[in-house]
Amino acid sequence: MPVLNIVVINPLADRHQEVLQAVDPDINIIVTDEKNALEQMPGCHILVTWGWAETRSLYLAAPHLEWIHALSAGVEKLIFPEIQTSDTILTNSKGIHGIPVSEHVLAMMLAFSRGLPTSIRQQDAKKWQRMPTSEMHDQTIAIVGLGSIGREIAKKAKALGMRVLASKREVTTELFVDKLYPPDNDSLLEMLGQADFVVVALPLTEHTQNMIGLPHFSAMKRTAYLFNIARGTIINEADLIAALEQGLIKGAGLDVFVTEPLPEDNPLWNMPNVIITPHVAALSPAYLDRAIKLCADNLTRFVQGRDMINIVDKVKGY
């Protein structure tokens, strides 16, 4: 078998290169950046990059490319006509985000429950005034999209004594979910109407684009909070702003947006019932360690001709 050239478009620490090299001492690992990646494509067999990176031009310049691995779970920019009709394998890093993202969601939920956004503003103003608080115990969370991240959120929510609802395409037995709903719109509206906290954890596809809008906010409790840690365009942002302004929902915790960075003139910045974080829910000191470990596992499978994990359906987009 000829030497495999693996092009990685991301800085790697020595320990990360060692993990990949341990799969096969003869593989050639080339670490580069987006600016200089194109010159490496003619000899590239495996490309390791991010799902939001512009990759089509690299793909077209890589006649020997057999496999693309995304260091992210999302693969939006890795789905294009040429790869969809090819034999090129596409995999992602699904499954490594659950711990940090679920902790991020719970942090935002607890912040609203205990009135922390108000407390922080009052601290800045040196104002001593108690605010209403609530408990998450015995409240209902609805998770829209029960993948690996959704399951981790469900597990932590159940540990806090919450009732857990979730939507999912396939009917499965879920240890931490009290009731599972199919993803059709009527079922989704029924689920949302029961929830005190709603978490959007769907992949971005042509079917989930603008999936959540005013009808869904209207179906929610006026005391409910919405959280989006998926992709900004899954929610109709104009409808969300209208729902917050009109009091259709009580507040929102948002880590992703239609345009990032969020424009300075976006009304969400100035809403006291909104927590904004700059697309950091999945960040963790352990992120790249987990991503490279998963990549190395798949590299072992690839080299040995075994079934690979996290293969993306290039038509569905996930």
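First, a word on scope: everything that follows refers to the structure included in this document. (Residues numbered from 1 in each chain as written. Predicted model: local features only at pLDDT ≥ 70, side-chain atom pairs only at ≥ 80, totals over all residues. Heavy atoms only, no water.)

**Here we look at helix H9 (residues 237–246)**
Within H9, the full set of buried residues consists of Glu237, Leu240, Ile241, Ala242, Ala243 and Leu244. The first or second residue beyond H9 is Gly247, which carries a positive phi of 75 degrees. (Buried < 20%, exposed > 50% of the residue type's maximum accessible area, 1.4 Å probe, protein only. Helix = DSSP H or I, 4+ residues; strand = E, 2+ residues; numbered from the N terminus.)

**Focus on the packing of aromatic side chains**
Geometry of an aromatic ring pair is reported as the spacing of the ring centres plus the angle between the planes. A full pass over the atoms with the stated rule returns 8 aromatic pairs. Taking 5.4 Å as the distance between ring centres and 65 degrees as the angle between the ring planes, the aromatic pair formed by Tyr59 and Phe80 counts as edge-to-face. You can see Tyr59 sitting in helix H2 (residues 56–60) and its partner Phe80 sitting in the loop between strand E4 (67–70) and helix H3 (81–84), a full 21 residues away along the chain. Taking the relative accessible area as the measure of exposure, Tyr59 reaches 12% and is therefore buried. Here Phe80 falls in the buried class, since its relative accessible area comes to 6%. Between Phe197 and Tyr225 the ring centres are 5.9 Å apart and the planes differ by 15 degrees, which places this aromatic pair in the stacked class. (Phe/Tyr/Trp six-rings, centres within 6.5 Å; stacked < 30°, edge-to-face > 60°.)

**Looking at the nonpolar core**
Judged by nonpolar contacts, the single largest core of 32 residues is most densely connected at Phe217, Leu226 and Leu268. Of all the secondary structure elements, the ones that give two or more residues to this core are strand E6 (140–144), helix H7 (185–192), strand E9 (197–200), H9 and strand E11 (251–254). Per element, the largest residue contribution to this core is 4 residues, and it comes from H9. Ignoring any residue separated from it by four or fewer positions in sequence, one finds Leu226 in contact with Val198, Val200, Phe217, Met220, Ile235, Leu240, Ile249, Gly251, Ala252 and Gly253. Formed by 27 residues, the second largest nonpolar core is a distinct cluster that contains Met108, Phe112, Ile149 and Val199. (Core = buried A, V, L, I, M, F, W, Y, C linked by side-chain atoms within 4.5 Å. Contact = heavy atoms within 4.5 Å.)

**Describing the environment of Lys127**
Position of Lys127 among the secondary structure elements: in the loop between helix H5 (116–124) and E6. Lys127 sits in the partly exposed class, given a relative accessible area of 45%. At 3.5 Å, the side chain of Lys127 and the side chain of Gln129 are in polar contact. (Polar contact = N/O pair within 3.5 Å; in protein donor to acceptor, adjacent residues only side chain to side chain.)

**Observations concerning the sheet that holds strand E10 (residues 225–228)**
Working definition: the strands of a sheet are paired by backbone hydrogen bonds and lie parallel or antiparallel to each other. With parallel pairing, 7 strands are arranged side by side in an open sheet as E8-E7-E6-E9-E10-E11-E12. The open sheet is flanked by strand E8 (179–181) and strand E12 (274–276), the only strands paired with a single partner. Between one strand axis and the next, the sheet turns through 15 degrees on average, direction left out of account. Bridge count between strand E7 (residues 163–167) and E8: 3 bridges; the pairing is parallel. Looking across to E8, one finds that Leu165 is bridged to Lys179. (Pairing = 2+ DSSP bridges. Axes fitted to C-alpha atoms, helices over the stretch in contact; angles between N-to-C directions.)

**A short note on the packing of helix H1 (residues 14–21) against helix H10 (residues 287–304)**
Two elements in contact, H1 and H10, have axes separated by 9 Å at closest approach and are oriented at 15 degrees. Accordingly, the angle class assigned to the pair H1 and H10 is roughly parallel. In the packing of H1 onto H10, the handedness of the crossing is right-handed. For the pair H1 and H10, contact is made by Arg15, His16, Val19 and Leu20 and by Leu288, Asp289, Ile292, Cys295, Ala296 and Leu299, respectively. (Parallel < 35°, antiparallel > 145°, perpendicular 65-115°, else oblique. Left-handed = near helix turned anticlockwise from the far one by under 90°.)

**What to know about the packing of helix H4 (residues 98–113) against helix H6 (residues 148–159)**
Running from N to C, H4 and H6 cross one another at 50 degrees; their axes reach a closest spacing of 8 Å. On the basis of the axis angle, H4 is oblique to H6. Handedness of the crossing formed by H4 with H6: right-handed. Contacts between H4 and H6 involve Gly98, Ile99, Val101, Ser102, Glu103, Val105 and Leu106 from the first element and Ile149, Glu152, Ile153 and Lys156 from the second. In the contact of H4 with H6, the residues fall into 6 nonpolar, 2 polar and 3 charged. (Nonpolar A, V, L, I, M, F, W, Y, C, P; charged D, E, K, R; others polar.)

**So, the pairing of E6**
Summarising burial for E6: 5 of the 5 residues are buried, a large majority. Along E6, one buried face is formed by Thr140, Ala142 and Val144 and the opposite face, lined by Ile141 and Ile143, is buried too. Note that E6 and E7 share 5 bridges and pair parallel. Looking at E7, one finds that Val144 is bridged to Ser167. Summarising the sheet, E6 and E9 pair through 4 bridges and their orientation is parallel. Bridge assignment links Ile141 to a residue of E9, and that residue is Phe197.

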